[in-house]
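Commentary on secondary and tertiary structure
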Amino acid sequence: MAASKRPRATASTGAAERHSAAPRRWPAWQIALLLLVSLAAVFEVYAPALHGPFVLDDGYQFFGRPDVTQLRLRHWLNNARPLLNLSFYLNYQFSAANPFSYHVVNVLLHWVNSILVFFVLRRLARASNPEAASSPAGASGWAGVLAPLAAAAVFLLHPVQTESVAYVSSRSELLSVLPAYAALLVFLSRPTPAISWSRSAAVVALFACAVLAKEHAAALPAVLLLADLFFHPYGPWQGVKSNWRLYAPLAAAALAGLGLVWRTLSKTKSAGFQLAGLSWYEYFYTQWRMVWRYLRLALFPAGLNADPDIALSRTPLEHGALLYGLALIVLLAAAFFYRRRFPLAAFGFFAFVLLLAPTSSLVPIRDLFAERRLYLPMIGLLCAAVELLRRLNPRSTPVLAALAAVLAVSSYLTWQRAHAWSGAIPLWQDTAAKSPHKYRPRFQLAYALYQDGRCTEASAHYEQAAALEANPGENLMVDWALALECAGRPAAAAAKLEQAARLHPTAVVYINLAMLHGKAGRNEQALDALALAERQDPRAAQIYAFRGNIYFALRRPAEAAAEYRHALQIDPANQAALHGLRALAGQ
């Protein structure tokens, strides 16, 4: 970190600008044209996904709940991510459950984030090279503007961002990054080395918004501190002391943020120290490898995969985890050693590791790797890109050609990747092809095909999914049976449900078996299956509603009415029971 006690003119102090000629300002029409071109470009590359349906966890969001029309705003906000759900609430008020507006908002948020990336990188570039920033050419030329602009364009068009943008539920990434980057920009733009109370309040408020959109933003205070250690004009430790107005309230806010994270982890089944079969140290060993996977995808985004098949490193030696960990330590040591020669790149790599840490360190997450986790820390790698770009000759034709090629290829790959996110079937076809030995993609592909009415294909993929799972679960068996019935193979469907009943004697299995018997006119067998379902779960309203339908078909109206009323006692909104009572009243 900087050791000099002599004040330096930096981006955060603004002194260089006050004591030198003003940098050339771009005409307003050029700025407007650049914004319009970038907006058109991002909508063009994501166009294939704009009309895509909700996929993956979208169905578990509030807008996908069957009782969504009965929810008030307070229900949406009573969640670990209230800011995220507020945005979904506004989307729902505008277009209900039409996915198009949700996709449009995601793209717009990504575009705004790319603008913030430009301004943050510009400030960091000037802070890391104050001598160049003190000249008009350096402030408004290649190093001061165009290099950060090129890096922001890479952020906007990089194909690894597709999951964060095209997947509606990944708005948590977009919406947490916006206030997080804004907070960083407010901090870097302070006019004096010591931050004011008003600016501190703005940073803390933006930090709180970021955490309320997604908990991983809790790492932001570490990056603000890192910026002071690297670039404060009075040296690292004096910088920390002079900005106590920020760090004191930010420490309290960070503790509150960590409390929110802990509360969230205690309620979720997909992350936390309570996960069965995944210890914190096994996850930690595995993440040593995953950091390098993230770096590889940032530099060479080939093989993007919504659900990659990642092997767990249960020991430091398994799958070479220790070697990856040692290589990471070497890279961190190199960044520290060369921090004065390449200050922006060194800062960027440390920031990348810090921002990746909430999802790639000690806290186990069921999915060992996800491309969307690269969205927040990407700015650290872009710092290294700016460090490289500003050392190149901007008038060199090969440099300009290479930069144009990178943006063109990135745009094409993002457009191509957006096609994979344009629907459930193309997404899971792509994923199953890239993870052929993983159960979940094959199961999801089978379900998507069934939903599309392609039942014969769905049955074949359910069979392949069953072969990948040592103990096929209830959902697989039931869905496989439904696909077989849809494909015109009722006997095979019944046999599959009988097999499921032996392996998983649950109410859901028996209810589906009863429905299959009922459709075939085997009413007595259907009633027997419902009796077994009632033993497993007497609170399942569907049992009584369907039993009422059978009695209705058998012309036993009194018994049918009793069953319908029983179903409504459990679930007053049960549509089958309500319809049955109306049908009885019309007789």
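Analysis parameters
- Residues numbered from 1 in each chain as written.
- Predicted model: local features only at pLDDT ≥ 70, side-chain atom pairs only at ≥ 80, totals over all residues.
- Heavy atoms only, no water.
- Helix = DSSP H or I, 4+ residues; strand = E, 2+ residues; numbered from the N terminus.
- Buried < 20%, exposed > 50% of the residue type's maximum accessible area, 1.4 Å probe, protein only.
- Contact = heavy atoms within 4.5 Å.
- pLDDT = per-residue confidence, 0-100.
- Expected span 1.5 Å × (residues − 1).
- Arc of directions from axis to C-beta.
- Salt bridge = Lys/Arg side-chain N within 4 Å of Asp/Glu carboxyl O.
- Patch = residues over 30% accessible without salt bridge, like charges linked within 9 Å, V, L, I, M, F, W, Y side chains within 5 Å.
- Areas by Shrake-Rupley, 256 points an atom, 1.4 Å probe, with all protein chains shown as cover.
- Axes fitted to C-alpha atoms, helices over the stretch in contact; angles between N-to-C directions.
- Left-handed = near helix turned anticlockwise from the far one by under 90°.
- Nonpolar A, V, L, I, M, F, W, Y, C, P; charged D, E, K, R; others polar.
- Core = buried A, V, L, I, M, F, W, Y, C linked by side-chain atoms within 4.5 Å.
- Disulfide = S-S within 2.5 Å.

1. Here's the deal with the overall build of the chain
Looking only at helices and strands, one finds 30 helices and zero strands in the chain. With respect to the three principal axes, the spread of C-alpha positions in the chain is 95 × 45 × 45 Å. The buried share of the chain, reckoned over its 587 residues, is 51%. The long-range fraction of contacts in the chain, counting pairs at least 24 apart against all pairs at least 6 apart in sequence, stands at 71%.

2. A word on the confidence of the model for the chain
For the chain, the mean per-residue pLDDT works out to 88, and 92% of the residues sit at or above 70. With pLDDT under 50 throughout, residues 2-21 is counted as low confidence; its partners more than four residues away or in other chains account for 49 contacts.

3. What to know about unusual backbone geometry
At L56, a position not held by glycine, the phi torsion is positive, near 50°. Mapped onto the elements, L56 comes out in the loop between α3 (47-50) and α4 (73-77). Judged by its relative accessible area of 32%, L56 falls in the partly exposed class. One non-glycine residue, R555, adopts positive backbone phi at about 60°. Among the structural elements, R555 can be located in the loop between α28 (541-553) and α29 (557-570). Accessibility expressed as a relative area gives 74% for R555, which makes it exposed.

4. Digging into the side chain of S360
Within the secondary structure layout, S360 lies in the loop between α18 (343-356) and α19 (378-389). Aside from chain neighbours lying at most four places away, what touches S360 is Y283, Q287 and Y294.

5. Concerning helix α25 (residues 490-503)
In this model α25 runs 20 Å from its N-terminal to its C-terminal C-alpha over 14 residues, within 8% of the 20 Å that 1.5 Å per residue would give. Every buried residue belonging to α25 is among A493, A494, K496, L497, A500 and A501, and all of these are buried. The buried side chains of α25 occupy one side of the element, clustering within an arc of 160° when seen end-on. Within α25, the exposed residues directed more than 90 degrees away from the buried face are A491 and R502. Looking at the buried side of α25, the elements it contacts are α24 (474-486) and α26 (507-519).

6. Focus: the pattern of salt bridges
Throughout the structure, instances matching the rule amount to 18 salt bridges. One salt bridge connects D367 with R440, and the closest N-O pair in it is separated by 2.7 Å. Within this pair, whereas D367 is found in the loop between α18 and α19, its partner R440 is found in helix α22 (residues 439-451), the two being separated by 73 residues in sequence. With a relative accessible area of 25%, D367 lands in the partly exposed category. A residue is classified by how much of its surface remains accessible, and R440, at 33% relative accessible area, is partly exposed.

7. So, a nonpolar patch on the surface
A contiguous nonpolar patch, built from W262, F273, W280, Y281 and L362 and spanning about 560 Å² of accessible area, is present on the exposed surface. One can find L362 in the loop between α18 and α19. With a relative accessible area of 37%, L362 lands in the partly exposed category.

8. Side note on the packing of α29 against helix α30 (residues 575-585)
Following both chains from N to C, one finds α29 and α30 inclined at 150°, their axes separated by 9 Å at the closest point. Along this stretch, α29 crosses α30, giving a crossing that reads as left-handed. When α29 is examined against α30, the residues P557, A560, A561, Y564, A567 and L568 are found in contact with a partner set consisting of A576, A577, L578, G580, L581 and L584. A per-class count over the contact of α29 with α30 returns eleven nonpolar, one polar and no charged.

9. Digging into the nonpolar core
By size, the foremost hydrophobic cluster in this structure holds 157 residues, and its most contacted members are F187, L246, F347 and F352. Examining the composition of this core, we find that twelve residues originate from one element, helix α6 (residues 99-128), more than from any other. Ignoring anything within four residues of it in the chain, the contact list for F352 reads V291, Y294, L295, L374, P377, G380 and L381. The next biggest cluster of nonpolar side chains, apart from the first, holds eleven residues, and it includes F62, L71, F88 and Y102.

10. Quick notes on the state of the cysteines
Scanning the entire structure with this criterion turns up one disulfide. Sulfur-sulfur distance for the disulfide between C455 and C486 comes to 1.8 Å. The disulfide joining C455 to C486 has a torsion of about 60° about its S-S bond and is therefore right-handed. Of this pair, C455 sits in helix α23 (residues 455-468) while C486 sits in helix α24, and the two are 31 residues apart along the sequence.

11. A few points about the environment of L331
Along the chain, L331 falls in helix α17 (residues 321-337). Take L331: its relative accessible area is 32%, and that puts it in the partly exposed class. When the C-alpha atoms of L331 and Y234 are compared, they prove to be 27 Å apart, with 97 residues separating the residues in sequence. Once residues within four sequence positions are removed from consideration, L331 is found in contact with W292, L295 and F349.

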